[in-house]
Amino acid sequence: MSITASDEQTLLDSIPTGLYIGGEWAPATGGRTFDVHDPATNAVIRTIADATAEDGIRALDAAAAAQDEWAATPARTRSEILRRAFDLVQEHKEDLALLMTLEMGKPLAEARGEVVYGGEFLRWFSEEAVRISGRYGTNPEGTGRMIVSQRPVGPSFFITPWNFPFAMATRKIAPALAAGCTVVIKPPALTPLTTIFFTKLLEQVGLPAGVVNVVQTSSSSKLSAPIIADPRLRKLSFTGSTEVGRKLISQAAEGVLRVSMELGGNAPFVVFDDADLDKAVEGAMAAKFRNIGQACTAANRFIVHASVAEDFADRITERVKAMRIGRGTEDGVAIGPLIDADAVDKAGQLVKDAVDRGANVRTGGNAVDGEGTFFEPTVITDVANGSDILREEIFGPVLAIATFETEEDAVRLANDTEYGLVSYVFTEDLGRGHRMIDALETGMMGLNVGVVSNAAAPFGGVKQSGVGREGGFEGIHEYLSTKYTLIPND
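Residues numbered from 1 in each chain as written. Predicted model: local features only at pLDDT ≥ 70, side-chain atom pairs only at ≥ 80, totals over all residues. Heavy atoms only, no water.

Trainee: I would appreciate a short explanation of the overall build of the protein in the present structure.
Mentor: The secondary structure content of the protein amounts to 15 helices and 22 strands. Against the 2.2 N^0.38 benchmark of 23 Å for 490 residues, the protein shows a C-alpha radius of gyration of 23 Å, consistent with a compact globule. Within the protein, buried positions represent 56% of all 490 residues. Counting every atom, the protein has about 19,300 Å² of accessible surface; 50% of that belongs to carbon and sulfur. Positive and negative side-chain charges in the protein, numbering 46 and 66 respectively, have mean positions lying 5 Å apart. (Helix = DSSP H or I, 4+ residues; strand = E, 2+ residues; numbered from the N terminus. Rg over C-alpha atoms; globule rule 2.2 N^0.38 Å. Buried < 20%, exposed > 50% of the residue type's maximum accessible area, 1.4 Å probe, protein only. Areas by Shrake-Rupley, 256 points an atom, 1.4 Å probe, with all protein chains shown as cover. Lys, Arg positive; Asp, Glu negative; His and termini not counted. Charge placed at Lys NZ, Arg CZ, Asp CG, Glu CD.)

This is the structure in structure tokens:
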């Protein structure tokens, strides 16, 4: 079914323009606003409230006031609210998908996939809410009984990124609510509308006032710093760049806050000489071009055995040349716009640096003229060691290929980064696959697959890619503290 301009406007008109604090939609202090743009056209699609530091503290006031009652709410009730939210998301999946395409630019088919992925966090943690447990037993000395229980950490502050505006909100909100924590969330200024729309759905399923509060702003640091410094806050979760993550960790240290940080990536995609190249090419297309390359899990460095590098590059180039560029609402579009002009400039600079060092452009390599912030899907080969594109997170549709000769070289090149979020390995040798699991310094790995994310799996990295895990059995424990009680024998 084709989407009309009228369909788009009807959806946009349905989105509240205010902040959501204490169960009410309200303007920002002083009536401040900012514009949200469609990156495919640069047009303003909605003007919304621009929260101040004062608004941020009001949101924390509401979260703190609701904390005790929400923590005491039966786990089954919290579970049912999350499950109703999951069901309502399914009813509004087309609205959510279109909204993400409008404010972020990803093709509509991919946006629908994000609704499925993000919705699963609501369903998964609705099931985990009723499985929070402890233990009871006799101490080794036989002098008393030990009770170990789990309690909600308390009011939590979330800072989410622009690239997955639905899934990054649900991946944080769902486990917090399941555990009994209240929330203040600051959605990204570039893509705030999806979080606002989702909050409307939470309101409809009966989430009590103050449990989730939304404060979008164009001045992130000014709003965030007072919230983080407030002694009532007990948890900070951030998804974004390592540079910003370091600053937030430093701020959180003053209050000894629990932190979860999902930071930058520089994912290696290793193709061995015994790999099934059909699988490797399919995996590469998914790992590189999903979300227009704007994902922390995107394959950043393609490390391909010299004996198969030419064949791999030829196959990839053929596929990439066939990718259609355009607005994400158009049929058949595979590559939408990058989020803004800075992202386009960065992609161009990384390609230029690689070419200046001897790399060859097989296809693409340039910004697209005209309205919107588009960059051609690109393949470059013969990328030299030391090139910026091998050291920096690309966050764009640029596939850069370097080569190796031995397994030891592959491991060394893959681990030659301060990041360690995810890696991808393609080999038909089971023993080698197991060796790579142990050898590669990443928090996640895809073996003969190009997408690893799943609500039932612990998402997170090592080294400077972050701390903590989101999703899986592990995800809810980020929002629980352990309490031990001793009852002496009489």
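Trainee: Looking at this structure, I do not really get the environment of M104. What am I missing?
Mentor: When you line up the elements, M104 lands in helix 4 (residues 93-104). M104 has contacts with P39, W162, N163, T191, N291, Q294, P337 and I339, leaving out every residue within four places of it along the chain. (Contact = heavy atoms within 4.5 Å.)

Trainee: Any chance you could explain unusual backbone geometry here in plain terms?
Mentor: Excluding glycine, a negative phi dihedral is what most residues carry, and trans is how most peptide bonds are arranged. Although it is not a glycine, V256 sits at a positive phi angle of roughly 45°. Topologically, V256 is positioned in the loop between helix 9 (242-254) and strand 11 (258-262). Its identity is not glycine, yet D382 carries a phi of approximately 55°, on the positive side. Considering the arrangement of structural elements, one finds D382 in the loop between strand 15 (378-381) and strand 16 (398-404).

Trainee: Any chance you could explain the packing of helix 1 (residues 5-13) against helix 4 here in plain terms?
Mentor: A pair of packed helices is captured by two measures, namely the crossing angle of their axes and the spacing between those axes. Here helix 1 crosses helix 4 at 95°, and the two axes come no closer than 11 Å. Between helix 1 and helix 4, the angle is such that the two are roughly perpendicular. Contact residues: E8, L11 and L12 in helix 1; D95, L98, L99 and L102 in helix 4. (Axes fitted to C-alpha atoms, helices over the stretch in contact; angles between N-to-C directions. Parallel < 35°, antiparallel > 145°, perpendicular 65-115°, else oblique.)

Trainee: Whenever I open this one, helix 6 (residues 167-179) confuses me. Can you help?
Mentor: Every α-helix winds through 3.6 residues per turn, so residues three or four apart in the chain are directed the same way. Taking 1.5 Å of rise per residue, the 13 residues of helix 6 would be expected to cover 18 Å, and the 18 Å separating its terminal C-alpha atoms lies within 8% of that figure. Taken across its 13 residues, helix 6 has 13 buried, putting it largely inside the fold. Looking one or two residues beyond helix 6, the residue adopting positive phi is G180, at roughly 100°. (Expected span 1.5 Å × (residues − 1).)

Trainee: Honestly, the sheet that holds strand 22 (residues 480-488) in this entry has me stumped. Any pointers?
Mentor: Working definition: the strands of a sheet are paired by backbone hydrogen bonds and lie parallel or antiparallel to each other. If you walk across this open sheet you meet the 3 strands as 5-6-22, and the pairing is antiparallel. In this open sheet, the two edge strands, each paired with only one partner strand, are strand 5 (135-138) and strand 22. Recorded for the sheet is a direction-independent mean angle of 20° between the axes of neighbouring strands. As defined by bridge partners, strand 6 (residues 144-152) adjoins strand 22 across 9 bridges and the pair is classed as antiparallel. If you follow R151 over to strand 22, its bridge partner there is S481. (Pairing = 2+ DSSP bridges.)

Trainee: Would you explain the sheet that holds strand 16 in this entry?
Mentor: Strand order across the open sheet formed by 7 strands is 14-15-16-13-12-18-19, with mixed pairing between neighbours. Bordering the open sheet on either side are strand 14 (360-363) and strand 19 (444-447), each of which pairs with just one other strand. The average angle at which neighbouring strand axes cross in this sheet is 25°, direction not considered. When strand 15 meets strand 16, the two strands line up parallel, connected through 3 bridges. Looking across to strand 16, one finds that V379 is bridged to L399. In the packing of helix 11 (residues 306-321) onto the sheet, contacts are made with strand 12 (267-271), strand 13 (299-305), strand 14, strand 15 and strand 16, and the angle to strand 13 comes to roughly 135°.

Trainee: Honestly, the nonpolar core in this entry has me stumped. Any pointers?
Mentor: If you look at the biggest cluster of nonpolar residues, it comprises 117 residues, and the most contacted ones within it are I173, F269, F312 and I389. Among the elements that take part in this core, helix 6 stands out by supplying 9 residues, more than any other. Filtering out sequence-adjacent residues up to four positions away, I389 remains in contact with N300, R301, L350, A354, I380, V383, I394, V398 and A400. (Core = buried A, V, L, I, M, F, W, Y, C linked by side-chain atoms within 4.5 Å.)

Trainee: Help me out: how do you make sense of the packing of helix 4 against helix 7 (residues 193-204) in this one?
Mentor: Packing of helix 4 against helix 7 brings their axes to within 9 Å, and their N-to-C directions diverge by 160°. Classed by the angle they form, the pair helix 4 and helix 7 counts as roughly antiparallel. Between helix 4 and helix 7 the crossing geometry is right-handed. Only L193, T194, F197 and L201 of helix 7 make contact with helix 4, whose side of the interface consists of D95, L96, L99, M100 and E103. Class assignment of the residues belonging to the contact of helix 4 with helix 7 gives a composition of 6 nonpolar, 1 polar and 2 charged. (Left-handed = near helix turned anticlockwise from the far one by under 90°. Nonpolar A, V, L, I, M, F, W, Y, C, P; charged D, E, K, R; others polar.)

Trainee: Can you walk me through the pairing of strand 11 in this structure?
Mentor: A regular strand places its side chains so that they alternate between the two faces of the sheet. Pairing of strand 10 (residues 235-239) with strand 11, which is carried by 5 bridges, proceeds in the parallel orientation. When the bridges of strand 11 are listed, T239 appears paired with E262. Crossover connection from strand 10 via helix 9 to parallel strand 11: handedness right-handed. Sheet analysis places strand 11 next to strand 21 (residues 466-467), joined by 2 bridges and oriented antiparallel. The residue bridging E262 from the neighbouring strand is G466, located in strand 21. (Right-handed = clockwise from strand over helix to strand, strands pointing away.)

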